[in-house]
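Next come the chains, spelled out residue by residue.
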Amino acid sequence: MELLAAAFSAACAVDHDSSTSESDARDSAAGHLPGSESSSTPGNGATPEEWPALADSPTTLTEALRMIHPIPADSWRNLIEQIGLLYQEYRDKSTLQEIETRRQQDAEIEDNTNGSPASEDTPEEEEEEEEEEPASPPERKALPQICLLSNPHSRFNLWQDLPEIRSSGVLEILQPEEIKLQEAMFELVTSEASYYKSLNLLVSHFMENERMRKILHPSEAHILFSNVLDVLAVSERFLLELEHRMEENIVISDVCDIVYRYAADHFSVYITYVSNQTYQERAYKQLLQEKAAFRELISQLELDPKCKGLPFSSFLILPFQRITRLKLLVQNILKRVEERSERECTALDAHKELEMVVKACNEGVRKMSRTEQMICIQKKMEFKIKSVPIISHSRWLLKQGELQQMSGPKTSRTLRTKKLFHEIYLFLFNDLLVICRQIPGDKYQVFDSAPRGLLRVEELEDQGQTLANVFILRLLENADDREATYMLKASSQSEMKRWMTSLAPNRRTKFVSFTSRLLDCPQVQCVHPYVAQQPDELTLELADILNILDKTDDGWIFGERLHDQERGWFPSSMTEEILNPKIRSQNLKECFRVHKMDDPQRSQNKDRRKLGSRNRQ
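Residues numbered from 1 in each chain as written. Predicted model: local features only at pLDDT ≥ 70, side-chain atom pairs only at ≥ 80, totals over all residues. Heavy atoms only, no water.

Looking at an unreviewed UniProt entry, one finds the protein chain named Ephexin-1 and attributed to Macaca mulatta. If you open the UniProt record of the protein chain and go to Subunit (unreviewed entry), you find "Interacts with CDK5R1 and EPHA4; activated by EPHA4 through the CDK5 kinase." (UniProt positions renumbered as here; feature names shortened; annotations may be inferred.)

This is the structure in structure tokens:
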């Protein structure tokens, strides 16, 4: 322990030589380590230059610990084998715990804010205080209570619970923030192991079942299972490399460099699998309806204790869930690494590559479904005006639905409602608005259109009950090359605002967006998952954090998700508001850090890594 303390002190001194105050603070912390009071402790009361035995000491904490605490080769492998949760269970418990932890932090900080006069300090003063904290001798703090999940089949739920960690003494040396970082990297590895276990069950229990092979034609099996064998093989190699990294040292040096390499070179198999999702879902529904033997076999296989009551469909969507979750796990690591460090550079690189993979997956799914949707819409349209080509590779549907058009002057409040309004139907695409009337035979007669960029909307206020939820739509240039105005009535306030937001996306919202980079904004977190029912809605996953851009009195929110800046409407009942301004500000700051642009220093570091990689080759 004494040698470890000395090595730790030397590493910190060298690693932070650019900051005298930080070095002094960490030297002071090392002086309070167990055993550091002993006169035989190297460097007790001395400077790093006075430690000849440590003249060649490593320059990082991880390297210092590696010299003293190697880890048995089988320890991590045994841990992986002990994981008893399927990925679906692992993921749900982890996100629920994340929600509960955020609630507790919100409540604790709010209590401290209400009871502390310092809570009125400005953000600038708070940042200065945070920067000055390392200059004072740190007190021994309790270990952070991060319960990733409670696994009844494994004795080790946390990195700090491992016997090798407990017996090594590193928990007495590492700062709480470093322990949180270790837990974040540990979760990435253990969750990958749980995912591999579930994916392997999809292959061995379902796909390779003898009866399944006899029931399904090879073409049906190919659509249903796609390239899952390729995805499984990549996950296996990925997990093996993560295990090897874990075996190098009880203190994990980094995992994002491995994530970056696999995201850049191997995760394209996810794009292929996820892009097939539309056809996969259709084939599965069709097989359930048309093949009784398939339906009975699936029911039997789902009852097997191995599946733990989970449906077959939950196994099919595993790859898409994993690639999106992996990006969030890297974000969690990125929030905890040292700023302007090598680990921050690798985390940013890994996150950027994963964002590209996730984006390609989303685009693959959308491309398949959008093409079929556009063909279907084109068949239903009959043009009263000059025909407009609907099908285009760069066009997709944003919103469709019925509205009521007002006929007559704005002041005709005395007219009966039946005479005042009549129904029209709108198809809004990303670049085009088509205005129709619904006709018999599930057809639509087109009588006007306009480019989306030439649309303007205006809300009417205080117009009485008859004109409630009415807004004005202006076409600056319609199908007849002239300006046209429509007064439209929606069925509710939320429907009116949703149409106005879709028709004029750059219209100013009630609250600010993520890109405004303010330090506070109304926020909610998702506590119930929600699947979008319309194109302008946003699918929510548990623990998603969203900025509120607009909201209605009848229970709908227009929000912007922080981790990917996707926007859309969702029911407010699916979320709960984050009331504490410090938590909201912290969420925004972390998000700004995750999505910050490349700086020159980071680019130089990235170039050095690439050059070093070429030299090794």
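Now that the structure is up, let's keep going.
Undergrad: For this particular structure, what's the right way to read the packing of aromatic side chains?
TA: The description of an aromatic ring pair uses the distance of the two centres, along with the angle that the planes make with each other. Taken as a whole and judged by the stated rule, the model has 14 aromatic pairs. Judged by centre distance (5.6 Å) and plane angle (75°), the ring pair of Tyr87 and Tyr195 falls under edge-to-face. Of this pair, Tyr87 sits in helix H5 (residues 87-115) while Tyr195 sits in helix H8 (residues 176-207), and the two are 108 residues apart along the sequence. Seen in terms of ring centroids, Phe238 and Tyr262 are 5.2 Å apart; in terms of plane orientation they differ by 50°. Their pairing is tilted. Within this pair, whereas Phe238 is found in helix H11 (residues 228-248), its partner Tyr262 is found in helix H12 (residues 256-265), the two being separated by 24 residues in sequence. (Phe/Tyr/Trp six-rings, centres within 6.5 Å; stacked < 30°, edge-to-face > 60°. Helix = DSSP H or I, 4+ residues; strand = E, 2+ residues; numbered from the N terminus.)

Undergrad: What is the right way to read the pairing of strand E5 (residues 443-451) from this model?
TA: Regular strands place side chains that alternate from one sheet face to the opposite one. Where strand E1 (residues 381-383) meets E5, 3 bridges bridge the pair, whose relative direction is parallel. In the strand pairing of E5, Glu382 is matched with Gln445. Across 8 bridges, the pairing between strand E4 (residues 432-439) and E5 is antiparallel. Paired with Cys436 across the strands is Val446, a residue of E5. In this antiparallel pair of consecutive strands, E4 and E5, the connection spans 3 residues, and Gly441 shows a positive phi of 85°. (Pairing = 2+ DSSP bridges.)

Undergrad: Just checking my understanding: could you explain the sheet that holds strand E12 (residues 567-571) for this structure?
TA: The strands making up a sheet are joined through hydrogen bonds of the backbone, oriented either antiparallel or parallel. Spatially, E12-E11-E10-E9-E13 is the arrangement adopted by the 5 strands of the open sheet, whose pairing is antiparallel. Only two strands of the sheet have a single neighbouring strand rather than two, namely E12 and strand E13 (575-578). Across the sheet, the mean angle separating the axes of adjacent strands is 45° when strand polarity is ignored. The pairing of strand E10 (residues 545-551) with strand E11 (residues 556-561) spans 5 bridges and is antiparallel. Note that in E11 the partner of Lys551 across the bridge is Ile557. (Axes fitted to C-alpha atoms, helices over the stretch in contact; angles between N-to-C directions.)

Undergrad: Even after reading the chapter, I still don't get the sheet that holds strand E3 (residues 421-429), so can you show me in this structure?
TA: Across the sheet, which stays open at both edges, the 8 strands sit in the order E1-E5-E4-E3-E2-E8-E7-E6 with mixed pairing between neighbours. For this open sheet the edge positions go to E1 and strand E6 (455-459), each flanked by a neighbour on one side alone. Each neighbouring strand pair of the sheet contributes to a mean axis angle of 40°, computed without reference to strand direction. Judged from the 9 bridges that link them, strand E2 (residues 397-406) and E3 form a sheet pairing that is antiparallel. Counterpart to Gln400 in the pairing with E3 is Phe427. The strands touched by helix H18 (residues 342-380) are E1, E2, E3 and E5; relative to E1, the strand with the most contacts, the crossing angle is about 50°. The strands touched by helix H20 (residues 493-503) are E2, E3, E4, E6 and strand E7 (470-475); relative to E2, the strand with the most contacts, the crossing angle is about 120°. (Contact = heavy atoms within 4.5 Å.)

Undergrad: Even after reading the chapter, I still don't get the packing of H8 against helix H17 (residues 318-334), so can you show me in this structure?
TA: In a packed pair of helices, the relevant descriptors are the angle between the two axes and the axis-to-axis distance. In the contact formed by H8 and H17, the axes pass within 9 Å of each other and the chain directions differ by 170°. Accordingly, the angle class assigned to the pair H8 and H17 is roughly antiparallel. Facing Leu181, Ala184, Met185, Glu187, Leu188, Ser191, Glu192, Tyr195, Ser198 and Leu199 of H8, the residues of H17 in contact are Leu318, Pro319, Arg322, Arg325, Leu326, Leu329, Val330, Asn332 and Ile333. The residue inventory of the contact of H8 with H17, partitioned by class, reads 12 nonpolar, 3 polar and 4 charged. (Parallel < 35°, antiparallel > 145°, perpendicular 65-115°, else oblique. Nonpolar A, V, L, I, M, F, W, Y, C, P; charged D, E, K, R; others polar.)

Undergrad: What should I look at first to understand the confidence of the model for the protein chain in this one?
TA: Detailed reading of the predicted coordinates is not advisable wherever pLDDT is low. Confidence along the protein chain averages 77 in pLDDT terms, with 70% of residues attaining 70 or more. When the elements of the protein chain are averaged for pLDDT, helix H2 (residues 20-31) gives the smallest value, 37, and H12 the largest, 97. (pLDDT = per-residue confidence, 0-100.)

Undergrad: For this particular structure, what's the right way to read the packing of H17 against H18?
TA: Where H17 contacts H18, the two axes come as close as 9 Å, and the packing angle between them is 155°. One element, H17, and the other, H18, form an angle in the roughly antiparallel class. Handedness of the H17/H18 crossing: left-handed. Seen from H17, the contacting residues are Phe320, Ile323, Thr324, Leu326, Lys327, Val330, Gln331 and Leu334; seen from H18, they are Glu344, Ala347, Leu348, Ala350, His351, Leu354, Glu355, Val357, Val358, Cys361 and Asn362. (Left-handed = near helix turned anticlockwise from the far one by under 90°.)

Undergrad: When you look at the environment of Ile298 in this model, what are you seeing that I'm missing?
TA: Mapped onto the secondary structure, Ile298 falls in helix H15 (residues 292-302). For the pair Ile298 and Leu288, spaced 10 residues apart in sequence, the C-alpha separation works out to 9.0 Å. Leave out the neighbours within four places in its chain, and Ile298 touches Phe206, Met212, Tyr284 and Phe312.

Undergrad: How do you make sense of H11 when you look at a structure like this?
TA: Residues that lie three or four places apart on an α-helix share one face, since the helix turns once every 3.6 residues. End to end, H11 covers 31 Å across 21 residues, agreeing with the expected 30 Å (1.5 Å per residue, within 8%). Residues of H11 that are buried include every one of Val228, Val231, Leu232, Val234, Ser235, Phe238, Leu239, Leu242, Glu243, Arg245, Met246 and Glu247, and no others. (Expected span 1.5 Å × (residues − 1). Buried < 20%, exposed > 50% of the residue type's maximum accessible area, 1.4 Å probe, protein only.)

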